Amino acid sequence: MAIHKYLQVASIVEDRIKNKVYPPQAFLPDQEALAQELNVSRLTVKKAIDYLERLGYVYKRSGYGTVVLSEVPIERKNDHPINSFHDIDKTFGQENISTKLINFSIEFPNQEVQENLFIQDHDPVYNILRLRMFKNNPLLLEHLFIPLSIVPKINKEALSGSLYGYFTDALHLTLATSYRRIRACKTEENDITYLNAKRNDPILELEQIIWLSTGQPINYSTIRNKFDDVTYTILYNDNFN
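Residues numbered from 1 in each chain as written. Predicted model: local features only at pLDDT ≥ 70, side-chain atom pairs only at ≥ 80, totals over all residues. Heavy atoms only, no water.

Draft legend 1. Examining the environment of Val45 more closely. Tracing the chain through its elements places Val45 in helix H3 (residues 42-55). Val45 gets classed as buried once you look at its relative accessible area, which sits at 0%. Taking the C-alpha atoms as reference, Val45 lies 9.7 Å from Ala33; in sequence the two are 12 residues apart. (Helix = DSSP H or I, 4+ residues; strand = E, 2+ residues; numbered from the N terminus. Buried < 20%, exposed > 50% of the residue type's maximum accessible area, 1.4 Å probe, protein only.)

Listed below in structure tokens is the structure:
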């Protein structure tokens, strides 16, 4: 799978930040200097810096430059960012994540799915239930609905890995925005069966709708986990508001 050039640049700058080549509160070299050093266009550097800003590594100050932010002492290994299209593979390491496909079917949507995906009752959807595991231990239970009109076919590799990656890299779709709601829930039977939850364990549920750049929803899903297995984080940056 080809890696976008700006992600390669972002990885280089991220490594330099982590290794204190660019220490906290220091300014990055200007975009033109980085572009010349790394033999890429200034636009590529800009996209890389924008990406790192969304991850919380830097902050762009208009008229001054890009400053490196300090590390986050409250960050934990099981923190998963939800203000970007990051699959759980990136948070926990692709080599540590495996997938058990519990259900895969094509069906006509019920009223709730119709409303959330802005489709009609005659528009078929994939109904996918899968268990994401960390080092063979249950981690997340994902229930997804995806319109066939947008994704006419889906392969086994996509079902067992990152669907975000499949949408963007294989289908060349542009994920634009999402609405996500997190709530505490009571334990359900599927949580006991697949997440090894106990009857009274608190459950975190993330419910989301994801839209393409065309304005059409591509995914309505719920993701459930035991309260202490995954925590969700969001980065606020006034440059994005």
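On we go.
Draft legend 2. Seen up close, the pairing of strand E1 (residues 58-61). Here E1 runs beside strand E2 (residues 65-68); their pairing, made up of 4 bridges, is antiparallel. Its bridge partner lying in E2, Val58 is registered against Val68. Where E1 folds back on E2, the antiparallel hairpin that results is connected by 3 residues, among which Gly63 adopts a positive phi of roughly 85°. (Pairing = 2+ DSSP bridges.)

Draft legend 3. The arrangement of the side chain of Glu14 in detail. Along the chain, Glu14 falls in helix H1 (residues 5-18). When its relative accessible area of 17% is taken as the criterion, Glu14 is described as buried. A distance of 3.0 Å separates a polar atom in the side chain of Glu14 from a polar atom in the side chain of Tyr57. Residues in contact with Glu14, not counting those within four places in the same chain, are Leu52 and Tyr57. (Polar contact = N/O pair within 3.5 Å; in protein donor to acceptor, adjacent residues only side chain to side chain. Contact = heavy atoms within 4.5 Å.)

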